[in-house]
Amino acid sequence: MKKSLVILLAATVGLAACNREKKGPGGLLYTIHHSDSKDKIKEGDIVKMDFVQKNDKDSVFFSTYENGIPQVFPVGKKSYAGDMNDVLYLFGEGDSATFKLNLDTMAFYQKQPKPEPFKNDKYMTFTVKIHKVFKKNANEPDSVFHKRANEYFQKDYQTTMDNMKKAEPAKIKAYIADKGLKTKTTPSGIEYVVVKEGSAEKATTGDTLMVNYTGNLIKKDAKGKYKIFDTSDEKIAKEAKLQASGRTYGPTKMVVGGSIPGFSEALTLVGKGGKVTVILPSRLAYGEQPIPQAGIGVNSPLAFDIEIVDIIKGKAPVAAPPVPVASTPKQ
């Protein structure tokens, strides 16, 4: 047998072994997809990682990838064999893995029922990627360690924010190209397309409007679609599986100046009866404030289709709430 074939077979066997599900304490199941480090996580280490949390039906309940920001947290002492901390002790920096926490074991040791979203499940599943394990130096006082860690992760966070902002124009450009839009740009930086002009008289700050709208992210989901995070259209809401208990659909009251900056400006671009599509840079949307329940991450540009149903001139006595955001989509 040729040497190259031997190497190939060995690599194939190694890969299969790496991706084989293993059993751990407390009913834990885990699969290591990639392992770089022999120096495993220990109690007291501070970890930076991305993860996706799912139930037995493979529905996603939380993902750090939605916000674009990995989580940073200290690893504690395990409470029982097979708990979250115990699992992390299996991995090191650079590793990626999937593990399934046994919910019956969790409920038994915590003396509490299963978490509501997982009450009919056997496992809570996490797929993780360990980016950084920040470790304490030998004989280093806790105060020095925590100060050093805080400085490191603050700088790391700012670098992430800067990189996201730099990447934003390219994301907006790609979205516009994918949608085949021929946009104009406002002085503030909104990209827009007037679908229908409407009346000559347009809204100004303080005017009250009745508006139909649909908002979506400008990045595609796993199915290759742009996720709708909110809408005033009941049919669209049902198709997007948006959960909005007690929500009244149809034209929604808005006040120019009573919403996120980009949406308020968008309300002034066309008159009564007009329709406009806008793409807002994140600084004119929610900026560095994520809206996790809607899947809006940090520094997320947003797109809206807006129809101005009516304009009521004059300053409203009470400011309208921000653009509504639907709650977590049904799984």
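Structure shown above.
Since the model is a prediction, treat every value here as computed from it, not as a measurement. The residue numbers shown here count from 1 along each chain, following its written sequence. The predicted origin of the model limits local features to residues at a pLDDT of at least 70 and limits the giving and counting of side-chain atom pairs to 80 or more, whereas totals for whole chains, interfaces and linings rest on all residues. To get the side-chain values, take all heavy atoms of the structure and skip hydrogens and water.

Trainee: Is there a simple way to explain the packing of aromatic side chains in this structure?
Mentor: Each aromatic ring pair is described using two quantities: the centre-to-centre distance and the angle formed by the ring planes. Note on aromatic contacts: the rings of Phe and Tyr and the six-membered ring of Trp form a pair at centre separations within 6.5 Å, being stacked when their planes are under 30 degrees apart, edge-to-face when over 60 apart, and tilted otherwise. Applying the stated criterion across every chain, the model contains 15 aromatic pairs. Ring plane angle 35° and centroid distance 5.5 Å describe the contact between Phe51 and Phe62, whose orientation is recorded as tilted. Highlighted residues: Phe51 in strand 3 (residues 46-54) and Phe62 in strand 4 (residues 60-63), separated in sequence by 11 residues. With relative accessibility at 8%, the residue Phe51 sits in the buried group. Positioned above the aromatic ring of Tyr123, the side-chain terminus of Lys100 is 5.9 Å from the ring centre. A cation over a ring is seen here: Lys111 above Phe108, with NZ or CZ 4.7 Å from the ring centre. Helix and strand definitions here come from DSSP, where helices need a minimum of 4 consecutive H or I residues and strands a minimum of 2 consecutive E residues; each element is numbered from the N-terminal end. A 1.4 Å probe rolled over the protein chains alone gives each residue an accessible area, and that area as a share of the maximum for its type sets the label: buried under 20%, exposed over 50%, partly exposed in between. By the criterion adopted, a ring carries a charge over it if an Arg CZ or a Lys NZ lies within 6 Å of its centre and within 35 degrees of its normal.

Trainee: Sorry if this is basic, but what is going on with the pairing of strand 9 (residues 191-196) here?
Mentor: Remark: a regular strand shows side chains that alternate across the two faces of the sheet. In this sheet, strand 9 lies alongside strand 8 (residues 184-185) in antiparallel orientation, the contact comprising two bridges. Of the residues in strand 9, the one forming a bridge with Thr185 is Glu191. Here strand 8 folds back onto strand 9, and the loop between the two strands holds five residues, one of which, Gly189, carries a positive phi near 115°. In this description, strands pair whenever DSSP reports at least two bridges between them. Direction of pairing for strand 9 relative to strand 13 (residues 275-280): antiparallel, over a ladder of five bridges.

Trainee: Help me out: how do you make sense of the pairing of strand 10 (residues 208-220) in this one?
Mentor: Two strands pair when backbone bridges link them, and strand 10 and strand 12 (residues 252-255) are joined in this way by four bridges, in the antiparallel orientation. Within the sheet, the bridge partner assigned to Leu209 lies in strand 12 and is Met254. Relative to strand 14 (residues 302-312), strand 10 runs antiparallel, the two being bridged by 10 bridges. The residue of strand 14 that forms the bridge with Asn216 is Ala303. In sequence, strand 10 turns back onto strand 11 (residues 226-231) through a hairpin of five residues, with Gly224 there showing a positive phi of about 80°.

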